[in-house]
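Structural features, examined
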Amino acid sequence: HMTTENFHTLTVETVSAGVWLVRLNRPQALNALNTELLGELSAVLDHAEMTEDVRALVLTGSTRAFAAGADINEMAALDMVGILNDPRQQHWQRITRFSKPLIAAVNGFCLGGGCELAMHADILIAGHDAEFGQPEINLGIMPGAGGTQRLLRAVGKSMAMQMVLSGQPISAQQALQCGLVSEITQPEMTVERALALACRIATKAPLAVRLAKEAILRGMDADLSTGLRYERQAFTLLAATDDRNEGIAAFREKRQPGFSGR
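This write-up is about the structure you can find in this document. For clarity, every value in this text was computed on a predicted model and none was experimentally measured.

**Description of the packing of helix α10 (residues 206–221) against helix α11 (residues 224–238)**
Here α10 crosses α11 at 175°, and the two axes come no closer than 9 Å. It follows from the interaxial angle that α10 and α11 lie roughly antiparallel. Judged by residue contacts, Leu 207, Ala 208, Leu 211, Glu 214, Ala 215 and Arg 218 of α10 engage Tyr 230, Ala 234, Leu 237 and Leu 238 from α11. Here the residues of the contact of α10 with α11 sort into eight nonpolar, no polar and two charged.

Structure follows, in structure tokens:
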């Protein structure tokens, strides 16, 4: 079990077998992302990566805000060289590299760096009241942690341009229509729904989950034939696992499989 007394900016709880709930917790700043928060999130992901019985993570904020952006005060202090050497870059890369399923449960403001963080998740569940936006342009800057690249791949050119160039947020309903989120729920059910999904994923064969996630992410950046080749390799690799034999045996014997991660 991971304890949270050593964290200032987030809390971690083990919700059920194999599922951690990570809550961003800087209420006074609407969960604005500073270096400390991103560093602590990286540390949690490191720990989850190495803990074999962790099968899925849910990341959420508060009812008012998933995260309302980057910490502007912190950013204002950086010049070009400061931004070039920004330690936050390493933290973002750590979040990108996380190999287990990550589900974001989004309520309220999900803006700027907060929207970029949510887009690092594999699955996004949003409350009706969620707002997604990249308002950096209003400060004379632009998104710098994937807000132009991930948004483009998630919602397409026109909507990405609209959000990034106008700085105006979109509603949860619009986010659903353009594929940024997979489901909308009542705001009080967002975390519950994300946890239910995480718990379901946690019952699946971990190696299959890991390779399937990797294949989908590879496919976003590769041409079709490269993506298909990776998928085939991963599929073939799984043929050598105990869990595949268990899955097929359980299906034949009409029983629930017991996956070992081997």
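**Thoughts on the environment of Pro 143**
On the secondary structure map, Pro 143 appears in the loop between β8 (131–133) and α6 (149–155). Given the relative accessible area of 5%, Pro 143 is considered buried. Sequence separation between Pro 143 and Cys 115 is 28 residues, and the spatial gap between their C-alpha atoms is 9.9 Å. Those residues in contact with Pro 143 that sit more than four places away from it in its chain are Glu 116, Gln 134, Glu 136, Thr 148 and Val 164.

**Some details on helix α1 (residues 35–50)**
Between its terminal C-alpha atoms α1 stretches 23 Å, which fits the 22 Å expected from 16 residues at 1.5 Å a residue. At its buried positions, α1 is contacted by β1 (10–16), β2 (19–24), β3 (56–60), α4 (88–97) and α5 (113–120).

**Re the sheet that holds β1**
Taken together, six strands build an open sheet; the order of strands is β1-β2-β3-β5-β7-β10 and the sheet is mixed. If you trace the sheet from one side to the other, it starts and ends with β1 and β10 (183–185), each paired once. Neighbouring strand axes in the sheet, compared pairwise and without regard to direction, differ in orientation by 20° on average. Across the sheet, α5 is in contact with β2, β3, β5 (102–106) and β7 (123–127); its angle to β5 comes to roughly 140°.

**Observations concerning the nonpolar core**
Leu 57, Phe 66, Leu 117 and Phe 132 are the most contacted members of the largest nonpolar core, which has 48 residues in total. It is α1 that contributes the most residues to this core, six residues altogether. Counting residues in each nonpolar core, the second largest holds 15 residues, with Leu 197, Ala 198, Ala 202 and Val 209 among its members.

Rules used in this analysis
Residues numbered from 1 in each chain as written. Predicted model: local features only at pLDDT ≥ 70, side-chain atom pairs only at ≥ 80, totals over all residues. Heavy atoms only, no water. Axes fitted to C-alpha atoms, helices over the stretch in contact; angles between N-to-C directions. Helix = DSSP H or I, 4+ residues; strand = E, 2+ residues; numbered from the N terminus. Parallel < 35°, antiparallel > 145°, perpendicular 65-115°, else oblique. Contact = heavy atoms within 4.5 Å. Nonpolar A, V, L, I, M, F, W, Y, C, P; charged D, E, K, R; others polar. Buried < 20%, exposed > 50% of the residue type's maximum accessible area, 1.4 Å probe, protein only. Expected span 1.5 Å × (residues − 1). Pairing = 2+ DSSP bridges. Core = buried A, V, L, I, M, F, W, Y, C linked by side-chain atoms within 4.5 Å.

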